[in-house]
Amino acid sequence: MVDTSCICFCHLTYHLSRGVKNFLGGSVATAQFFLGVDGGATRCRARLRDSSGRELGHGLGPASNIYLDFDEAMRVVRETIESAIAAGAPRQEIAVGLSLAGLSDDEEAARVSAALPGFAHIVAVNDAVAACVGANGLGDGGLIIAGTGSAGIARVGARTTIIGGRGFWLGDDGSAARLGESALRATLRAIDGLEPMSGLAQALGRHFDGDPLRMSRWAADARPRDYGAFAPQILDVARSGDMRAREIVGEAASAIASLANALNALGAERVALAGGFGEPLRPFLPPDVAKRLSAPRRDAVDGAILLIGGTLAEDAACP
């Protein structure tokens, strides 16, 4: 249920370039085609457009998180790119914008770009930057990404600031993964008799036959997306009126509201809400916050294309 733009985000602030880093030689002036790639923990997407913004091809691949397995992630990125450029656009005429989950410094971006030789020009950015540009265009704006992970980003004037995120262990409040972890903790406490048995605990406990040892063994190998997979059921239980579920979902909603307020304080007047968990959580947000959060205009793939100097066809709807 979650979106690629939503995983672990490292904290970084870009100045002057507003988050754009060019890591390979070549010139965008020589590019006749523009390729956007969004790689994350759930899937990898690529989209090829010509100089007029018309879509020529697209590719879809599995997870491509460079921090879990760099070589495997880059293999997925390359294969997804090949699917998108199968129409025959020559590499030396393609400018590539890479949107990657958690990308945090020039050294990492250079390593990624070096694994993709032959293109006219490559720009690599944190996926939150590309998602924000996709959501609002190249002007000022903010974005909250709520999916497996969570983060907020504000692009105002010459500064781009990413807040929140920090990964599953130290952050990602308001995310599907954090919601799942909180609900499973409550379930285990109920099974152990440390808190009252709730409808939430009954529903989630059935996945483990009510066995706390089985839950513990599962957790030993579980990844954030495994926790996030419980989010739809948790929201369903909360909608049914279960107070424990509503309490836990309310904590996630409060975390998203805090991100929205922080982005407004940074000067981002228009703030969009994106990610596979964002819209399902919207009904639980404080009404004033829900009203302020806009829908994204475009996605992170098209944001990466804009950052590389491409254009978007006016009649192309946001995927």
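Data block above holds the structure.
Computed from a prediction, not measured in an experiment: that's the story for all the values here.

Colleague: Got a sec to walk through unusual backbone geometry? Specific residues and values, please.
Modeller: For residues other than glycine, phi is negative in most cases, and the peptide bonds are mostly trans. Although it is not a glycine, Asp172 sits at a positive phi angle of roughly 60 degrees. With respect to the helices and strands, the residue Asp172 is situated in the loop between β9 (159–163) and α4 (176–191). Positive phi, normally seen in glycine, also occurs at Asp209, with a value near 55 degrees. Note that Asp209 resides in the loop between α5 (199–205) and α6 (212–221). Take Asp209: its relative accessible area is 62%, and that puts it in the exposed class.

Colleague: Quick rundown of the side chain of Glu195? Include the residues and the values.
Modeller: Looking at the secondary structure, you find Glu195 in the loop between α4 and α5. Side chain to side chain, Glu195 and Arg189 meet in a polar contact 3.3 Å long. Of the polar contacts made by the side chain of Glu195, one reaches the side chain of Arg244; its length is 2.8 Å. Not counting residues within four places of it along the chain, the set of residues in contact with Glu195 comprises Ala186, Arg189, Ala190 and Arg244.

Colleague: Lay out the packing of helix α3 (residues 127–136) against helix α12 (residues 300–307) with the relevant residues and their values.
Modeller: Taken N-terminus to C-terminus, the directions of α3 and α12 make an angle of 90 degrees; their axes are 7 Å apart at the nearest point. With respect to α12, the element α3 is oriented roughly perpendicular. Where α3 approaches α12, its residues Asp127, Val129, Ala130, Ala131, Val133 and Gly134 are matched on the opposing element by Ala300, Gly303, Ala304, Leu306 and Leu307. Partitioning the contact of α3 with α12 into residue classes produces eight nonpolar, two polar and one charged.

Colleague: How would you explain the packing of aromatic side chains if you had to name every residue and give the values?
Modeller: For the coordinates displayed, the defined rule picks out six aromatic pairs. Aromatic side chains Trp218 and Phe230 sit 5.8 Å apart centroid to centroid with 85 degrees between the ring planes, which places their arrangement in the edge-to-face category. Taken together, the residues Trp218 in helix α6 and Phe230 in the loop between α7 (224–228) and α8 (231–239) connect sequence positions 12 residues apart. Through a chain of ring-to-ring contacts, the aromatic side chains of Phe168, Trp169, Phe208, Trp218, Tyr227 and Phe230 assemble into a single cluster. Positioned above the aromatic ring of Phe70 is the side chain of Arg111, whose terminal nitrogen or guanidinium carbon lies 3.6 Å from the ring centre. The ring of Phe168 carries Arg178 above its face, with NZ or CZ at 4.5 Å from the centroid.

Colleague: A description of the sheet that holds strand β3 (residues 44–50) should follow, citing residues and the corresponding values.
Modeller: Spatially, β4-β3-β2-β5-β6 is the arrangement adopted by the five strands of the open sheet, whose pairing is mixed. The outermost strands of the open sheet, each flanked by one partner alone, are β4 (55–61) and β6 (121–126). The average undirected angle you get between the axes of adjacent strands in this sheet is 15 degrees. By the bridge criterion, seven bridges tie strand β2 (residues 33–39) to β3 in an arrangement that is antiparallel. Across the sheet, the residue bridging to Val37 is Ala46, located in β3.

Colleague: Tell me about the pattern of salt bridges, and name the residues and values.
Modeller: Any two side chains of opposite charge can pair, given that their charged atoms come close. Scanning the entire structure with this criterion turns up 20 salt bridges. The shortest N-O distance in the salt bridge between Arg47 and Asp302 comes to 3.1 Å. Linking Arg47 in strand β3 with Asp302 in helix α12, this pair joins segments that are 255 residues apart in sequence. Asp302 shares its class with Arg47; the two are buried. Across the pair Asp236 and Arg239 runs a salt bridge whose closest N-O atoms are separated by 2.6 Å. Here the residue Asp236 and the residue Arg239 both occupy positions in helix α8, the gap between them amounting to three residues, near one helical turn. Under the relative-accessibility criterion, Asp236 is labelled partly exposed at 46%.

Colleague: Break down helix α9 (residues 243–265) for me, citing the residues and quoting the values.
Modeller: Compared with the 33 Å implied by 1.5 Å per residue over 23 residues, the 32 Å span of α9 between its first and last C-alpha is a close match. Backbone nitrogen of Arg244 and a side-chain oxygen of the N-cap are separated by 3.3 Å at the start of α9; the cap is Asp242. Where α9 terminates, the next one or two residues include Gly267, which has phi positive at roughly 105 degrees.

Colleague: Kindly report on the nonpolar core, identifying the contributing residues and their values.
Modeller: Ile144 and Leu281 are the most contacted members of the largest nonpolar core, which has 44 residues in total. Mapped onto this core, the elements with two or more residues apiece are β7 (141–146), α4, α5, α8, α9, β10 (271–274) and α11 (287–292). Element by element, the count of residues in this core is highest for α9, at 10 residues. Look past the residues within four positions of Leu281 in its chain and what remains in contact with it is Gly174, Leu235, Val249, Ala252, Ala253 and Ile256. Ala46, Phe70, Val76 and Ile85 belong to the second-largest nonpolar core, a separate cluster that totals 28 residues.

Colleague: Account for helix α2 (residues 106–114), naming residues and giving values.
Modeller: For α2, the complete set of buried residues consists of Ala109, Val112 and Ser113. Across the axial projection of α2, the buried residues extend over an arc of 95 degrees, all falling on one side. Exposed side of α2, more than 90 degrees from the buried face: Glu107 and Ala114 are the residues found there. Against the buried residues of α2 lie α1 (70–84), β5 (94–100) and β6. Measuring from the backbone nitrogen of Glu107 back to the side-chain oxygen at the start of α2 gives 3.2 Å, which picks out Asp105 as the cap.

Definitions and limits used
Residues numbered from 1 in each chain as written. Predicted model: local features only at pLDDT ≥ 70, side-chain atom pairs only at ≥ 80, totals over all residues. Heavy atoms only, no water. Helix = DSSP H or I, 4+ residues; strand = E, 2+ residues; numbered from the N terminus. Buried < 20%, exposed > 50% of the residue type's maximum accessible area, 1.4 Å probe, protein only. Polar contact = N/O pair within 3.5 Å; in protein donor to acceptor, adjacent residues only side chain to side chain. Contact = heavy atoms within 4.5 Å. Axes fitted to C-alpha atoms, helices over the stretch in contact; angles between N-to-C directions. Parallel < 35°, antiparallel > 145°, perpendicular 65-115°, else oblique. Nonpolar A, V, L, I, M, F, W, Y, C, P; charged D, E, K, R; others polar. Phe/Tyr/Trp six-rings, centres within 6.5 Å; stacked < 30°, edge-to-face > 60°. Lys NZ or Arg CZ within 6 Å of the ring centre and 35° of its normal. Pairing = 2+ DSSP bridges. Salt bridge = Lys/Arg side-chain N within 4 Å of Asp/Glu carboxyl O. Expected span 1.5 Å × (residues − 1). Core = buried A, V, L, I, M, F, W, Y, C linked by side-chain atoms within 4.5 Å. Arc of directions from axis to C-beta.

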